[in-house]
Amino acid sequence: MTDLIWLNGEIIPMADARIGVEDRGFQFADGVYEVIRLYNARPFTLNEHLARLHQSAQAIGLSIPLPIDQLSREIHKLIDQSNAKEAMVYLQLTRGIAPRNHQFPDHPRPTLLFYTRPLPPLPAPGQSTGVKLCCVPDERWKCCWIKSIALLPNILAKNHAIAHGFDEAAFVEGGLVSECSSSNLFAIFGNTLLTHPAGPRVLPGITRAALLDLAPQAGLQIDERPLRESEIPHADELFITSTTREISWVSHFNQHPFPPHCGQKTLKLHQLLREQIIAMTGAR
Ligand code: PDD
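These numbers were taken from a predicted model, which means no experiment stands behind them.

Caption draft 1: Highlighting unusual backbone geometry. Of note, the phi angle at Asn-8 is positive, near 50°, even though the residue is not glycine. Tracing the backbone shows Asn-8 in the loop between strand E1 (4-7) and strand E2 (10-13).

Given below as structure tokens:
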């Protein structure tokens, strides 16, 4: 894999990339991002990620500086030249360089960049150790559907979890659990798959959407509603999802231990997701 970056239209060595000190992404976190997983050198659900990028950009009054189909071709070009195979693409769009001022510049010149980073292969479904989740107060804004680069509350939550012996933080407000610091949360009760509805409180995860589509094939009906913190220990199975982790089963929720193995329905959903990944990317 060659360490390259696509920066404002040019593919250059990562070591040569420079971002101005007055880039509004750097000074204000005035930007949005995407993380796309590559399997076998092919991006999985690229169109869905680019559609979400478009929504996020539009929500903050920012235009993507090239048409989406051209952006898609440029991403493929970077992947080829980087020789990336099992990896992720990190993409960031900011409002670009302008003298520091809270007011938007009159003629913004957005900074768009993306590059690949290798990712270790994920353990086979059921072979992984479970994730320990702890609840933290949700101190984020109410536009969590925008994939904003302003991630400080997420970072603080994640580090709070790790400092207390957990792996991931679940956000709670008014006794309701929304999602985690960098993943969506799902619970299974009987034959029902529950997850928080899309809206102001959660990122509309691409993996989340894929699983909601696959759920009927796993014999699960869907109930999109916030989960009460108090009902989660009574769930049959609990898992989290993201582009980089696919599905991780949860072994502990706060002090409550779940059975020490991945549940059958979670396994089935993961198998269906893997089949889709293989069908779409040729991954093994
Ligand atoms: N995060 N919720 C939050 C707050 C997230 O940051 C993420 C992903 C998700 C899952 O979304 P998706 O299935 O589209 O990856 C949910 C990425 C991976 C990150 O920030 O690295």
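Caption draft 2: Structural context of helix H4 (residues 152-163). Between the first and last C-alpha of H4 there are 16 Å, a value that for 12 residues agrees with the 16 Å anticipated at 1.5 Å per step. Restricting attention to buried positions, one finds in H4 the residues Asn-154, Ala-157 and Ala-161. Considered in projection along H4, the buried side chains sweep an arc of 65° and stay on one side of the axis. In H4, the exposed positions angled more than 90 degrees off the buried face are occupied by Leu-152, Leu-156 and Ala-163. Looking at the packing, one finds that the buried side of H4 touches strand E7 (131-137) and strand E8 (168-173). Immediately downstream of H4, the backbone of Gly-165 shows phi near 85°, a positive value.

Caption draft 3: Inspection of the domain arrangement of the protein at higher detail. Domain boundaries assigned for the protein yield domain 1 (4-118) and domain 2 (131-281). Here the C-alpha centroids of domain 1 and domain 2 sit 26 Å apart. Contacts between domain 1 and domain 2 engage 27 residues on the former and 20 residues on the latter. When the buried area of domain 1 at its contact with domain 2 is split by residue, Tyr-33, Phe-44 and Arg-52 rank highest and sum to 34% of it. There are eight residue pairs in polar contact (both at pLDDT 80 or more) connecting domain 1 and domain 2. Looking at the side of domain 1 that touches domain 2, the elements that each hand over two or more residues are strand E3 (31-39), strand E4 (42-43), helix H2 (46-59) and strand E5 (87-94). Its residues assigned to classes, the side of domain 1 that touches domain 2 comprises 12 nonpolar, nine polar and six charged.

Caption draft 4: Molecular detail of the sheet that holds E1. If you trace the six strands from one edge of the open sheet to the other, you get E2-E1-E6-E5-E3-E4, paired in antiparallel fashion. With one partner strand each, in any of the chains shown, E2 and E4 form the two edges of the open sheet. Strand direction decides the pairing type here: E5 and strand E6 (residues 111-118), joined by eight bridges, are antiparallel. Across the sheet, Leu-93 pairs through a bridge with Leu-112, a residue of E6. Here H2 sits on the sheet in contact with E3, E4 and E5, set at roughly 175° to E3. Against the sheet, helix H3 (residues 68-82) engages E1, E2, E3, E4, E5 and E6, with an angle of about 40° to E6.

Caption draft 5: Representation of the packing of aromatic side chains. Summed over the entire model, instances satisfying the criterion amount to five aromatic pairs. Measuring from centroid to centroid gives 6.0 Å for Tyr-39 and Phe-44, while their planes differ by 85°, and the two rings are edge-to-face. Both residues of the pair, Tyr-39 and Phe-44, belong to the buried class. Measuring from ring centre to ring centre gives 5.7 Å for Tyr-90 and Tyr-115, while their planes differ by 50°; the resulting arrangement is tilted. Taken together, the positions of Tyr-90 in strand E5 and Tyr-115 in strand E6 put the pair 25 residues apart, joining distant regions of the chain. The buried category is assigned to Tyr-115, whose relative accessible area is 19%. Among the aromatic residues, ring-to-ring pairing joins Tyr-33, Tyr-90 and Tyr-115 into one connected group. The ring of Phe-104 has Arg-95 lying over it, and the distance from NZ or CZ to the ring centre is 3.6 Å.

Each value, and the rule that gives it
Residues numbered from 1 in each chain as written. Predicted model: local features only at pLDDT ≥ 70, side-chain atom pairs only at ≥ 80, totals over all residues. Heavy atoms only, no water. Helix = DSSP H or I, 4+ residues; strand = E, 2+ residues; numbered from the N terminus. Expected span 1.5 Å × (residues − 1). Buried < 20%, exposed > 50% of the residue type's maximum accessible area, 1.4 Å probe, protein only. Arc of directions from axis to C-beta. Contact = heavy atoms within 4.5 Å. Domains from an automatic or database assignment. Buried area = accessible area lost by both parts, 1.4 Å probe. Polar contact = N/O pair within 3.5 Å; in protein donor to acceptor, adjacent residues only side chain to side chain. Nonpolar A, V, L, I, M, F, W, Y, C, P; charged D, E, K, R; others polar. Pairing = 2+ DSSP bridges. Axes fitted to C-alpha atoms, helices over the stretch in contact; angles between N-to-C directions. Phe/Tyr/Trp six-rings, centres within 6.5 Å; stacked < 30°, edge-to-face > 60°. Lys NZ or Arg CZ within 6 Å of the ring centre and 35° of its normal.

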